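Chains, contacts and geometry: an overview
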Amino acid sequence: MKHAVAFACVQREILRLFPENVSIEPRYSGDARSGGPVLTNQWTGSKKPDIVLHATGQPHQIQCIFDFKFPCTRSSKSDPLASSETQKQMTSYKELGGNCRPAIVTPKQGVVR
């Protein structure tokens, strides 16, 4: 439910202002021909970040990737990047390219890279 509320906020506040530059939960795979990311419907081997900022009308031209995290334990709240699973996920998103390092967004710490 927390993701649904966060996505609704993005739709209400960010998509309203930049509808051609933001994608919510796009699914990407690598393109062997271009070497870059392409949108896909395949689940196996694909990557699905929560929010992607991209060039106007060009979701394959990634600028920045953000993923929502709602940590439950005290340790994960204080250091949300400590999880090996989260680190693996951020490394996988980095492979998609972009102008900034992929980041997580948490209620306690905001944007963390």
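Scroll up for the structure.
This text gives an overview of the structure that appears in the document.

Cut-offs used in this document
- The numbering scheme is per chain: residues are counted from 1 as the chain's sequence reads.
- For this predicted model, a pLDDT threshold of at least 70 governs which residues receive local features, and a threshold of 80 or more governs which side-chain atom pairs are given and counted, while totals over whole chains, interfaces and linings are taken from all residues.
- Excluded from the side-chain calculation are hydrogens and water; included are all heavy atoms of the structure.
- Think of it this way: any DSSP run of H or I at least four residues long counts as a helix, any run of E at least two long counts as a strand, and we number them from the N terminus.
- The atom set for the radius of gyration is the C-alpha atoms, and the globule formula is 2.2 Å times the number of residues raised to the power 0.38.
- Relative accessibility decides the category of a residue: with a 1.4 Å probe and only protein chains considered, values under 20% of the type maximum give buried, values over 50% give exposed, and everything between is partly exposed.
- Contacts are residue-level and defined by heavy atoms, with any inter-residue pair within 4.5 Å sufficient.
- Lys and Arg are tallied as positive, Asp and Glu as negative. Neither His nor the chain termini are counted.
- Here the site of a charge means NZ on Lys, CZ on Arg, CG on Asp, or CD on Glu.
- By definition, the arc is the one covered by directions from the helix axis to the C-beta atoms.
- We call two N or O atoms a polar contact when they sit within 3.5 Å, provided that within protein one can donate a hydrogen and the other can accept it, with sequence-adjacent residues counted only if both atoms are side-chain atoms.

1. A few points about the overall build of the protein
In terms of regular secondary structure, the protein is built from three helices and seven strands. Against the globule reference of 13 Å for 113 residues, the protein gives a C-alpha radius of gyration of 14 Å, in line with a compact fold. For the protein, the C-alpha atoms occupy an extent of roughly 45 × 30 × 25 Å along the three principal directions. Out of the 113 residues in the protein, the part that is buried amounts to 36%. Once local pairs closer than 6 in sequence are excluded, the contacts in the protein between residues at least 24 apart make up 50%. For the protein, the separation between the mean place of its 15 positive charges and that of its 9 negative charges on side chains is 6 Å.

2. Examining helix α3 (residues 84-94)
Buried residues of α3: Thr-86, Met-90, Ser-92 and Tyr-93, and no others. Looking straight down α3, one finds its buried side chains confined to an arc of 160°; they lie on one side. Away from its buried face, by an angle of more than 90 degrees, α3 presents the exposed residues Ser-84, Lys-88 and Lys-94. In this structure Ser-83 caps α3, since a side-chain oxygen of it lies 3.2 Å from the backbone nitrogen of Glu-85.

By themselves, these are just geometric observations and shouldn't be taken as functional.
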